[in-house]
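Results of the structural survey
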Amino acid sequence: MQQSYEVTGQAGRVLVVDDDPTVAEVVAGYLDRAGYTVDRADDGPTALTRAAAHRPDLVVLDLMLPGMDGLEVCRRMRAHGPVPVIMLTARGDEDDRILGLEVGADDYVTKPFSPRELVLRVESVLRRTRPDTGTRLLSAAGMTVDPAARRATKNGTELALTLREFDLLAFFLRNPGRAYSREDLMHQVWGWDFGDLSTVTVHVRRLRGKVEADPARPRLIQTVWGVGYRFEPQGGVSEHA
């Protein structure tokens with residue numbers, strides 16, 4: 001039995017970047033009907049120009065583009081500020097998916113895909129960008145996380161975190177001292193009940209590179225062999241206004 005999806009759009013601007021006009025048209029049509037303002041581009045330079053003219057709330061970005069590939073487009077967009085990215089790829093190779101995550105993609109979808117499911121992925125990512133106004137500041141190990149402003153600092157310097165990296169760090173600060181499996185983190189942080197667990201692995205590795213004094217010997221985000229990961233800040237975590 002085919003699964004059905006209820007599409008409930010949220011206001012926002014989405015940039016769809018794909019050199020296949022059929023794919024771009026179908027994706028743009030579904031997003032438009034879900035209530036989004038949609039811009040389109042069929043190559044990397046055009047995508048960067050459109051993004052500079054009208055900053056999107058999210059980018060649906062094909063990995064395989066002519067001239068400038070999606071990885072380079074993602075890098076250049078992120079150089080001008082954080083923006084959520086869902087990567088599209090026709091390849092089934094895990095290395096390509098990991099490359100997308102390494103440059104900061106928040107999600108990826110492998111072609112062929114259901115356009116309605118893609119809309120739900122867009123909604124899921126954008127939902128997590130909204131301020132969490134009911135949560136107080138969290139502090140540990142020289143870091144301060146402000147969920148309402150979606151801002152994190154370490155020793156007074158702002159951390160350049162992607163959407164998922166921020167969510168992962170905030171989750172660890174809210175739940176210190178407990179070991180979580182990759183499946184647990186995928187459910188709690190990504191909101192997925194299933195998916196490629198390398199997504200979690202890559203994001204933990206990227207986050208360690210930004211918060212650990214020595215990412216090769218992590219002391220904060222520890223690996224619990226046979227289980228997953230545990231956040232162990234010396235001095236604990238404080239919560240304050």
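Residues numbered from 1 in each chain as written. Predicted model: local features only at pLDDT ≥ 70, side-chain atom pairs only at ≥ 80, totals over all residues. Heavy atoms only, no water.

This part takes up the confidence of the model for the protein. Per-residue confidence for the protein averages 85 on the pLDDT scale, and 88% of its residues sit at or above 70. For residues 1–10, every residue scores under 50 in pLDDT, and the model assigns this stretch 20 contacts once sequence neighbours within four places are set aside. (pLDDT = per-residue confidence, 0-100. Contact = heavy atoms within 4.5 Å.)

Below, the discussion takes up the pattern of salt bridges. A full pass over the atoms with the stated rule returns 14 salt bridges. Taken together, the shared-partner salt bridges connect Asp-18, Asp-62 and Lys-111 into one network. (Salt bridge = Lys/Arg side-chain N within 4 Å of Asp/Glu carboxyl O.)

The next thing to look at is the packing of helix α6 (residues 163–174) against helix α8 (residues 198–211). At a closest axis distance of 10 Å, the pairing of α6 and α8 adopts a crossing angle of 80 degrees. On the basis of the axis angle, α6 is roughly perpendicular to α8. Between α6, through Arg-164, Glu-165, Leu-168, Leu-169 and Phe-172, and α8, the contact on the second element is made entirely by His-203, Val-204, Arg-206, Leu-207 and Lys-210. Across the contact of α6 with α8, the residue classes break down as five nonpolar, one polar and four charged. (Axes fitted to C-alpha atoms, helices over the stretch in contact; angles between N-to-C directions. Helix = DSSP H or I, 4+ residues; strand = E, 2+ residues; numbered from the N terminus. Parallel < 35°, antiparallel > 145°, perpendicular 65-115°, else oblique. Nonpolar A, V, L, I, M, F, W, Y, C, P; charged D, E, K, R; others polar.)

Its 12 residues give α6 an end-to-end C-alpha distance of 17 Å, which sits within 8% of 16 Å, the value for a rise of 1.5 Å per residue. Burial of α6 is extensive: 11 of the 12 residues sit out of reach of the surface. Looking only at α6, the buried set comprises Leu-163, Arg-164, Glu-165, Phe-166, Asp-167, Leu-168, Leu-169, Ala-170, Phe-171, Phe-172 and Leu-173. (Expected span 1.5 Å × (residues − 1). Buried < 20%, exposed > 50% of the residue type's maximum accessible area, 1.4 Å probe, protein only.)

Take Arg-116: it is sitting in helix α5 (residues 115–127). With a relative accessible area of 30%, Arg-116 lands in the partly exposed category. As for Arg-116 and Tyr-30, which are separated by 86 residues in sequence, their C-alpha atoms are 6.9 Å apart.

Moving on, we come to the layout of surface pockets. Any space left empty among the atoms is revealed by the rolling of a water-sized probe across them. Of the volumes computed, that of the second largest pocket is approximately 470 Å³. For the lining of the second largest pocket, the elements supplying multiple residues, two or more each, are β8 (151–154) and α6. Looking at the lining of the second largest pocket, its residues break down into 11 nonpolar, three polar and six charged. (1 Å grid on protein atoms, 1.4 Å probe; cavity = no way out; pocket = protein on both sides within 12 Å on 5 of 7 lines; lining within 4 Å. Points joined across faces, edges and corners; volume = space filled by probe spheres on them.)

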